[in-house]
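Geometric and topological summary
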Amino acid sequence: MSSLLEVHDLTIRFPALSGYAVPVSAVSLRLERGETLALVGESGSGKTLTGLALLGLVPHPGRVDSTSRVLLDGVDVTRLTGDALRAIRGGRIGIVFQDALTSLTPVLTVGNQLREAITAHRRMSAQAARDAAVALLGEVGLPDPASTYGAYPHELSGGQRQRALIAIALAGEPDLLIADEATTALDVTVQAQVLETLDRLRATRGMAILLITHDLGLVAGRADRVAVMYAGQIVEEASTASLFAAPAHPYTRALFRAIPRLENPVDQLIPIQGNVPLPEEWHVGCRFQPRCGEALDRCATLDPPVVPLAPGASSRCWLPALRDQ
Amino acid sequence: MIGSLGELLRRAWRHPSGRWGGGVLLLIGIAALLAPPFLQDPAAMRDVVAGATGPSLAHPFGTDALNRDILSRVANGARVSLAVAGLAVVLSLSVGSAVGLIAGYAGGWVDAVLMRTVDAALAIPRLFVILLLLVVWERIPLVALILVLGTTGWFATSRLVRGEVLRLRHEPFVLAVEGLGATPRRTLVRHLLPNAAGPLLVAATLGVGDVILLEAGLSFLGLGIQPPTPSWGGMVLDARPLIVSAPWTALFPGAAIVLTVLSVNLVGDALQAALDPRSA
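Below is a summary of the structure that appears in this document. As the structure is a prediction and not an experimental result, all values here were calculated from the model.

Moving on, we get to the overall build of chain A. In terms of regular secondary structure, chain A is built from 11 helices and 13 strands. For 325 residues, the compact-globule estimate of 2.2 N^0.38 gives 20 Å, and chain A sits close to it at 21 Å. Viewed in the frame of its principal axes, chain A has a C-alpha envelope of about 65 × 50 × 40 Å. Split into buried and exposed, the 325 residues of chain A put 44% on the buried side. Within chain A, counting contacts between residues at least 6 apart in sequence, those at least 24 apart form 62% of the total.

What follows covers the interface of chain B and chain A. With 19 residues of chain B at the contact, the number on the chain A side is 25 residues. Listed by contribution, the elements that provide at least two residues to the side of chain B that touches chain A are helix 8 (172-179) and helix 9 (184-192) of chain B. When residues of the side of chain B that touches chain A are assigned to their parent elements, the largest contribution, 7 residues, is made by helix 8 of chain B. Classifying every residue of the side of chain B that touches chain A by side-chain character gives 10 nonpolar, 6 polar and 3 charged.

Ranked by size, the top nonpolar core spans 97 residues in total, and within it Ala167 and Leu176 of chain A carry the most contacts. The element contributing the most residues to this core is helix 6 (residues 158-170) of chain A, with 7 residues. Excluding anything up to four places from it in sequence, Ala167 of chain A contacts Leu114, Leu136, Leu137 and Val140 of chain A. Formed by 57 residues, the second largest nonpolar core is a distinct cluster that contains Leu25, Val80, Ala85 and Leu149 of chain B.

Next up on the list: the sheet that holds strand 12 (residues 306-310) of chain A. Residues and elements named next belong to chain A. Spatially, the 8 strands line up as an open sheet ordered 7-8-9-3-10-11-13-12, and their pairing is mixed. Every interior strand has two partners, whereas the edge strands, strand 7 (93-96) and strand 12, have only one. Within this sheet the neighbouring strands show an average axis-to-axis angle of 20°, counted without direction. By the bridge criterion, 4 bridges tie strand 7 to strand 8 (residues 176-180) in an arrangement that is parallel. Looking at strand 8, one finds that Ile95 is bridged to Ile178.

Attention shifts here to the environment of Tyr230 of chain A. Residue and element names in this part refer to chain A. Relative to the helices and strands, Tyr230 is located in strand 10 (residues 225-230). As for Tyr230 and Ala21, which are separated by 209 residues in sequence, their C-alpha atoms are 15 Å apart. Look past the residues within four positions of Tyr230 in its chain and what remains in contact with it is Gly41, Ser45, Val235, Tyr251, Arg287 and Phe288.

Let us look at unusual backbone geometry. Across the chain, the bulk of peptide bonds are trans and the bulk of non-glycine residues have phi less than zero. Residue and element names in this part refer to chain A. Cis geometry is adopted by the peptide bond preceding Pro61, which originates at His60 and carries an omega value of 0°. Along the chain, the position of Pro61 falls in the loop between helix 1 (47-53) and strand 4 (63-64). At Asp9, a position not held by glycine, the phi torsion is positive, near 50°. Within the fold, Asp9 resides in strand 1 (residues 5-15).

Right, let's get into the pairing of strand 1 of chain A. Strand residues, when the strand is regular, have side chains that alternate between the two faces of the sheet. Residues and elements named next belong to chain A. Where strand 1 meets strand 2 (residues 20-31), 7 bridges bridge the pair, whose relative direction is antiparallel. Residue pairing in the sheet places Leu5 in a bridge with Leu31 of strand 2. Adjacent in sequence and paired antiparallel, strand 1 and strand 2 are bridged by 4 residues, among which Gly19 carries a positive phi angle near 75°. Here strand 1 runs beside strand 5 (residues 69-72); their pairing, made up of 4 bridges, is antiparallel. Paired with His8 across the two strands is Arg69, which belongs to strand 5. Pairing of strand 1 with strand 4, which is carried by 2 bridges, proceeds in the antiparallel orientation. Its bridge partner being in strand 4, Ile12 is matched across the sheet by Val64.

Here is what the cut-offs are and how they apply
Residues numbered from 1 in each chain as written. Chains lettered and ligands numbered in written order. Predicted model: local features only at pLDDT ≥ 70, side-chain atom pairs only at ≥ 80, totals over all residues. Helix = DSSP H or I, 4+ residues; strand = E, 2+ residues; numbered from the N terminus. Rg over C-alpha atoms; globule rule 2.2 N^0.38 Å. Buried ≥ 20, exposed ≤ 12 C-beta atoms within 10 Å, placed from the backbone. Contact = placed C-beta atoms within 7 Å. Nonpolar A, V, L, I, M, F, W, Y, C, P; charged D, E, K, R; others polar. Core = buried A, V, L, I, M, F, W, Y, C linked by C-beta atoms within 7 Å. Pairing = 2+ DSSP bridges. Axes fitted to C-alpha atoms, helices over the stretch in contact; angles between N-to-C directions.

Laid out in structure tokens, this is it:
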């Protein structure tokens, strides 16, 4: 059977003063049924835009290149419009955003919004939809589903809101759930609980999860594979275990050095110098080169190749490419 | 933030002008509803030759030139006035909301065309347009009066709703709703419009006051509600020759207009105050 989701050369352009800005360039991803893939990157790396593109939600005036393909069970989502696209949104792919308070309509009760999401994709009576809504609220781990059902978003705590949002995203029984920084706004303890819930739902529903996050620490033990994104490109892809054991790309290694560890004193934290370049500032050669401690001469002038390191693992870097020669 | 419409109404009620205006309006509404079974038929002319008689026990507001009971006619006039104003405002809110939602959501040239049309329409005095439209009929049907009042009152509402859509359309919840497969219509009507409920309620209340005044003015000019249907404006018109000899014939319908419009505007003010968190 083919993969649930295959993204080939996803490129998103925005018109800029001179020509185009390309915040997502030639991103390719593959996601199997029931698998969790983490898409890790700093702000501005294009990870959120990549997630939105899977739903055909790239904000105006952005455009997905016609050579890009987003195949959901072999159907190219980028070619869909109207009702066919709306059937995918929520029905095949659910999405959970970071800010749960502003992601819920403030003037409608949680139950109202949840029931709406259910009946948008499944035909059922009002009473059945109500029962299904309360059941979903229980399934995402809300302690008192019946009272949450009647509550307005502002009456819930941050963790409750996030769970309600997950319930809404699950309402259409999607095969893929995109969690875009879905736990970033929460306390670490609540964050762990919500991730636990997501993992349980993945297991019970056989659903795939695309975990979009800037937090490498969150990925360990949750994701099967990790794709590291930098400046609109995927720079490294590997299984979670091998990425944590032996990060291949200099950027990934730099990220690990920037994570505080209990066994090391804090002054050994090594920040990555500089900032992620803006799409307008990208030039030929490796996009990480200006900040890379291991850069070679050619890195500034020649695009690095994507080097396969193991089955399903690769690094976009000149170093392993040259080592093999 | 105001959580719900119920809370908005409660806060408006706590405001003194909300309580006074709301109370008086409630009394007028009750009088209008109870008028027919208890009061004399407004069209009944008992003894035309007797003419206008002053207030008495039998006729607390007196009688008019045709010896009809003024209390009964004022109460029945309230039915007509409130019904016309209510329906006209519902109509203008619907049209205004629809235009505002479409303009704000579509943006671009759709927005430009709609809003420039509204600008142009707002530049023409409303009464002038209404008079032009109403001369089409020899005897103006009530439905026509409602339609004309309704379709000339939505311009400001459309701006209000458009502003609300522009404010909210880039909020994450709109993206979230679209990400769940909602159609544009559902996004607009179910998720954006309810956010404008508060300001719309204020606009509606103030609009009712406007329309009552307009309708009274039109009836006074003979272009509004047609006799023998009692209307406050029409009663003041009929009372004109008697203003010195029988002042009560003009006083009571006139007072009804003033009292109603005043209470409606008081309620509007209270709602506005309740919407503004700084006034709490």
